[in-house]
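For reference, the chains in residue letters:
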Amino acid sequence: MEFKNIEKNGITCAVVVADEPVITDAQSALDVLMSAKYDVGTKNIVIDKKLIAEEFFILSSGLAGEILQKYINYGGRIAIHGDYSHYTSKPLKDFIYESNKGKDVFFVSTEEEAVDMLTR
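Rules used in this analysis
- Each chain carries its own residue numbering, running from 1 in the direction its sequence is written.
- Where totals are concerned, whole chains, interfaces and linings use all residues; where local detail is concerned, this predicted model gives features only for residues with pLDDT of at least 70, and gives and counts side-chain atom pairs only at 80 or more.
- Water and hydrogen atoms play no part in the side-chain values, which are based on all heavy atoms of the structure.
- As used in this record, nonpolar core signifies buried Ala, Val, Leu, Ile, Met, Phe, Trp, Tyr and Cys residues forming a set joined through side-chain atoms within 4.5 Å.
- Only protein chains enter the area calculation, which uses a 1.4 Å probe; residues under 20% of their type maximum are buried, those over 50% are exposed, and those in between are partly exposed.
- Runs of E in the DSSP output that reach at least two residues are strands. Runs of H or I that reach at least four are helices, and both are numbered from the N terminus.
- By definition, residues are in contact when any of their heavy atoms lie within 4.5 Å.
- In protein, a polar contact requires one atom able to donate a hydrogen and another able to accept it; more generally it is a pair of N or O atoms within 3.5 Å, and residues adjacent in sequence count only if both atoms are side-chain atoms.
- The term salt bridge refers to a side-chain nitrogen of Lys or Arg lying within 4 Å of a carboxyl oxygen of Asp or Glu.
- In this description, strands pair whenever DSSP reports at least two bridges between them.
- Angles here are taken between N-to-C directions and fall from 0 to 180 degrees, while the axes themselves are lines fitted to C-alpha atoms, restricted in helices to the stretch in contact.
- This arc corresponds to the set of directions leading from the helix axis out to the C-beta atoms.

It is worth spelling out the nonpolar core at this point. Residues I23, I47 and F56 are the most contacted members of the largest nonpolar core, which totals 30 residues. Secondary-structure elements contributing two or more residues to this core are strand 2 (11-17), helix 1 (26-39), strand 3 (44-48), helix 2 (63-73), strand 4 (77-81), helix 3 (90-101) and strand 5 (105-108). It is helix 1 that contributes the most residues to this core, six residues altogether. Excluding its chain neighbours within four sequence positions, the residues that come into contact with F56 are L63, A64, I67, L68, I80 and F107. If you look at the next biggest cluster of nonpolar residues, it comprises 10 residues, including V15, F106, V115 and M117.

Put into structure tokens, the structure is as follows:
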């Protein structure tokens with residue numbers, strides 16, 4: 001895993017670059033956040049949804065809640081980009097909708113949108 005550093009509006013984002021999932025549980029998610037903080041100097045994470053365990057998107061697993069609670073506790077912000085159209089779960093769609101209304105967690109289609117959400 002490495003980071004691509006993107007700066008916009010004076011705010012730095014760390015875009016995660018990897019060939020395989022890097023967030024598989026709460027500890028690996030925290031590792032990504034801390035690596036970005038020390039390597040890039042930011043707590044703004046942009047990540048492709050393919051780099052997150054699919055279990056994250058099954059809300060009943062509790063993984064999303066556990067990971068996002070860690071990010072909030074440590075002052076991290078995350079924008080996850082990818083295609084969410086194949087998900088049929090109403091709770092997940094509601095979760096995505098509500099998250100996008102906040103200021104710390106975003107679910108968008110493209111990396112560019114992800115950066116925009118974290119730098120506005």
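On to the side chain of N44. Of note, N44 is situated in strand 3. Of note is the side chain of N44, whose polar atom sits 3.2 Å from the side chain of R77. With residues up to four places along the chain from it excluded, the contact list for N44 reads I11, T12, C13, A14, R77 and L118.

According to the stated counting rule, one finds seven salt bridges in the structure shown. One salt bridge connects D48 with K50, and the closest N-O pair in it is separated by 3.8 Å. We classify K50 as exposed; its relative accessible area is 64%. Where D104 meets R77, a salt bridge forms, and the shortest distance between an N and an O atom there is 3.9 Å. Taken together, the positions of D104 in the loop between helix 3 and strand 5 and R77 in strand 4 put the pair 27 residues apart, joining distant regions of the chain. Overall, D104 belongs to the partly exposed group, its relative accessible area being 23%.

This part takes up the sheet that holds strand 5. Spatial ordering of the open sheet is given by 1-2-3-4-5, a layout of five strands whose pairing is mixed. Because the sheet does not close on itself, it has two edges, and the strands there are strand 1 (2-8) and strand 5. When strand polarity is set aside, the average angle formed by the axes of neighbouring strands in this sheet is 20°. Here strand 2 pairs with strand 3 via two bridges, running parallel. When the bridges of strand 3 are listed, A14 appears paired with I45.

This paragraph deals with helix 2. Within the span of helix 2, buried status applies to L63, A64, I67, L68 and Y71. Buried residues of helix 2, viewed axially, fall in a sector of 115°; they line one side. Packing partners of the buried residues in helix 2 comprise helix 1, strand 3, strand 4, helix 3 and strand 5. Of the residues flanking the end of helix 2, it is G75, one or two places downstream, whose phi is positive at about 75°.

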